[in-house]
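# Examining the three-dimensional arrangement
Listed below are the residues making up each chain.
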Amino acid sequence: DAGITQSPRHKVTETGTPVTLRCHQTENHRYMYWYRQDPGHGLRLIHYSYGVKDTDKGEVSDGYSVSRSKTEDFLLTLESATSSQTSVYFCAIRKPGQETTGELFFGEGSRLTVL
Amino acid sequence: EDKVVQSPLSLVVHEGDTVTLNCSYEVTNFRSLLWYKQEKKAPTFLFMLTSSGIEKKSGRLSSILDKKELFSILNITATQTGDSAIYLCAYHNAGNMLTFGGGTRLMVKP
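This write-up is about the structure you can find in this document. From a predicted model like this one, the values you see are computed outputs, not experimental measurements.

### Some remarks on the pairing of strand β9 (residues 85–93) of chain B
Residue and element names in this part refer to chain B.
- Taking burial as the measure, the 9 residues of β9 include 9 buried ones, the bulk of the element.
- Taking every second residue as pointing to the same face, both faces of β9 are buried, with A85, Y87, C89, Y91 and N93 on one and I86, L88, A90 and H92 on the other.
- Relative to β9, strand β4 (residues 30–38) runs antiparallel, the two sharing 8 bridges. Across the sheet, residue K37 finds its bridge partner in β9, namely Y87.
- Where β9 meets strand β11 (residues 104–109), 3 bridges bridge the pair, whose relative direction is antiparallel. Following the sheet pairing, A85 is matched in β11 by L106.

### Side note on the sheet that holds strand β6 (residues 56–58) of chain B
All names here are of chain B.
- The strand order β1-β3-β8-β7-β6 describes an open sheet built from 5 strands, whose pairing is antiparallel. Single-partner strands in this sheet number two, and they are β1 (3–7) and β6. Sheet twist, expressed as the mean angle between neighbouring strand axes with direction ignored, is 15°.

### Some thoughts on the environment of A:H41
- As for its position among the elements, A:H41 is in the loop between β4 (31–38) and β5 (42–51).
- In this view, A:H41 contacts B:G101 and B:G102; residues no more than four positions away in its chain are not counted.

### A look at the packing of aromatic side chains
- Applying the stated criterion across every chain yields a total of 11 aromatic pairs over all chains.
- An angle of 20° between the planes, with centres 6.1 Å apart, marks the rings of A:Y33 and A:Y48 as stacked. Taken together, the positions of A:Y33 in strand β4 and A:Y48 in strand β5 put the pair 15 residues apart, joining distant regions of the chain.
- Note on A:Y33: relative accessible area 1%, which makes it buried.
- According to the relative accessible area criterion, A:Y48 is buried, its value standing at 13%.
- These aromatic residues form a ring-pair network of at least three members: A:Y35, A:F90, A:F106, B:Y36, B:F45 and B:F100.
- Across the ring face of A:F105, the terminal group of A:K95 is positioned such that the distance to the ring centre comes to 4.3 Å.

The rules we used
Residues numbered from 1 in each chain as written. Chains lettered and ligands numbered in written order. Predicted model: local features only at pLDDT ≥ 70, side-chain atom pairs only at ≥ 80, totals over all residues. Heavy atoms only, no water. Buried < 20%, exposed > 50% of the residue type's maximum accessible area, 1.4 Å probe, protein only. Helix = DSSP H or I, 4+ residues; strand = E, 2+ residues; numbered from the N terminus. Pairing = 2+ DSSP bridges. Axes fitted to C-alpha atoms, helices over the stretch in contact; angles between N-to-C directions. Contact = heavy atoms within 4.5 Å. Phe/Tyr/Trp six-rings, centres within 6.5 Å; stacked < 30°, edge-to-face > 60°. Lys NZ or Arg CZ within 6 Å of the ring centre and 35° of its normal.

This is the structure we're talking about:
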């Protein structure tokens, strides 16, 4: 158990509404990541963070923003949700010592449906 | 452009069969290749490979990397229904990112 909690776990919303997903970790790890998973695409990196207020874009960042005001929380926001953002969203952390291995630990996922 | 491609996309076998899953990659600044297993929820780590020709093994699962031909395979012997999952490979590059392939969905029938 990597001490990662994602919320909400399931959400249905309508096109054009804002949505925020929360990733909470209990172990004060520096590196946190948001991925989305869609059939046939594996996991694709949206944004990541390497510390409080330090964030950067991944390969599919358009339409998403993130914030990290505290070490333990990494928020993913869809300012105006679209149907193409229907997906399962995974938060991940990298533990100290795993920088050379690349290993990530994943949360349980948040399933978002945009109607 | 860096990429990783997994094959087959899906596979159905019967218990006791042996399966081989493939992962080919084209990346710059390669550091390692990782395999994950994903059942109904979070992906869980299986192996990390950095050197060619050195097999990593865990029970009935094993994996090997070929850095010359740029591929890795994951073998599962004597499959069980509990092996049914999506298997993901990912490369780790010097930018400290993990980039994933599309996954192979394995179904093991009794």
